[in-house]
Amino acid sequence: MHKKRGLLIVLSGPSGVGKGTVRKELFTQPNTNYEYSVSMTTRNPREGEVDGADYFFKSRDEFEQLIKEGGLLEYAEYVGNYYGTPLDYVNATLDAGRDVFLEIEVVGAAQVRKQVPDGLFIFLAPPSLSALEDRLIGRGTESADIIKSRVMKAREELEMMNLYDYVVENDEVQNACDRINAIVTAEHCRRERVEKIYKQMLKGDY
Ligand code: 5GP
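All residue numbers refer to positions counted from 1 along the written sequence of the respective chain. Since the coordinates come from a predicted model, pLDDT governs what is reported: local features require at least 70, and pairs of side-chain atoms require 80 or more to be given and counted, while whole-chain, interface and lining totals use all residues. To obtain the side-chain values, all non-hydrogen atoms of the structure were used and water was disregarded.

A.B. asks: Break down the pairing of strand 5 (residues 72-78) for me, citing the residues and quoting the values.
C.D. replies: Only protein chains enter the calculation, and the probe is 1.4 Å; a residue is then buried if its accessible area is under 20% of its type maximum, exposed if over 50%, and partly exposed in between. Only DSSP runs of H or I reaching four residues or more are called helices, and only runs of E reaching two or more are called strands; each is numbered from the N terminus. Along strand 5, 5 of the 7 residues are buried, which leaves the element largely enclosed by surrounding structure. DSSP calls a pair of strands paired once it identifies at least 2 bridges connecting them. Where strand 5 folds back on strand 6 (residues 81-86), the antiparallel hairpin that results is connected by 2 residues, among which Val79 adopts a positive phi of roughly 45 degrees.

A.B. asks: Report on the sheet that holds strand 5, specifying residues and quantitative values.
C.D. replies: In space, the 4 strands of this open sheet follow the order 4-3-6-5, with mixed pairing throughout. Each edge of the open sheet is held by one strand with a lone partner, namely strand 4 (55-57) and strand 5. Strand-to-strand twist in this sheet, taken as the mean axis angle between neighbours without regard to direction, amounts to 25 degrees. Where strand 5 and strand 6 come together, 6 bridges link them in antiparallel fashion. Axes here refer to lines fitted to C-alpha atoms; in helices the fit is confined to the stretch in contact. Angles between the N-to-C directions go from 0 to 180 degrees.

A.B. asks: Hey, could you go over the packing of aromatic side chains for me, with residue numbers and the actual values?
C.D. replies: Only rings of Phe, Tyr and Trp enter the pairing, Trp through its six-membered ring, and a pair is recorded when the two centres are within 6.5 Å. The plane angle decides the type: under 30 degrees is stacked, over 60 is edge-to-face, the rest tilted. The tally for this structure, following the rule as stated, stands at 11 aromatic pairs. Judged by centre distance (6.1 Å) and plane angle (70 degrees), the rings of Tyr75 and Tyr82 are edge-to-face. Residue classification places Tyr75 among the partly exposed residues on the basis of a relative accessible area of 32%. For Tyr82, a relative accessible area of 10% corresponds to the buried category. Members of the aromatic cluster, connected to one another through ring pairs, are Phe27, Tyr34, Tyr36 and Phe101.

A.B. asks: Kindly report on the side chain of Thr42, identifying the contributing residues and their values.
C.D. replies: Within the element layout of this structure, Thr42 appears in the loop between strand 3 (39-41) and strand 4. Within polar-contact distance, the side chain of Thr42 engages the backbone nitrogen of Tyr82 at 2.9 Å. Every residue pair with non-hydrogen atoms within 4.5 Å of one another is taken to be in contact. Discounting chain neighbours no more than four positions away, the residues touching Thr42 are Lys58, Ser59, Arg60, Phe63, Asn81 and Tyr82. Polar contact criterion, stated in full: a pair of N or O atoms within 3.5 Å, where within protein one must be able to donate a hydrogen and the other to accept it, and residues adjacent in sequence count only if both atoms are side-chain atoms.

So, to be careful, I would describe these as geometric facts and stop short of saying anything about function.
Below you can see the structure in the form of structure tokens.
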């Protein structure tokens, strides 16, 4: 029986848009069919974050070693820290026929687009820039300086929307999750993704 390779789903968008919240909500839903790839980072854990579940927390030396070894599918330096996606986990999961879900910023997403052109790239957009700033302040985890640099970054990031296949507005977390699930379902039916299977079927391979 033919086994389909999993779909690489990339959720990206400006800091503070609610990517983390949307991703967590997606993974609490019982019907989620994809696996979350836990990222590596050199930033310090926030209150309540768990090593291995939220991130793999690494030193700069460890992270730079991984870069040298080619152990990352992509990585980026974001507001003074490294963030990256472990390559082995992604490949093994896709090979096993399961979809992998990445939640990453835009520089990393652009690298994935080059490496995995048949990935599914979804941009999570804020209803407005002021809503974005309010959310960053409301989170209460960053200093005023960091918030300022993250909002400036968000403006640049919004302009990178054109690298993506779909744009999902995060007006309400549940709405955003419903749209993402609908997009993933539709992508699995896209002709380019399934025609190979039918061609093999017609050749009598299975
Ligand atoms: P935070 O520090 O708020 O957890 O994350 C900062 C930014 O880094 C967010 O936009 C988040 O999506 C992004 N990020 C998390 N993991 C990765 C990763 O593996 N690679 C890249 N490029 N960005 C990531």
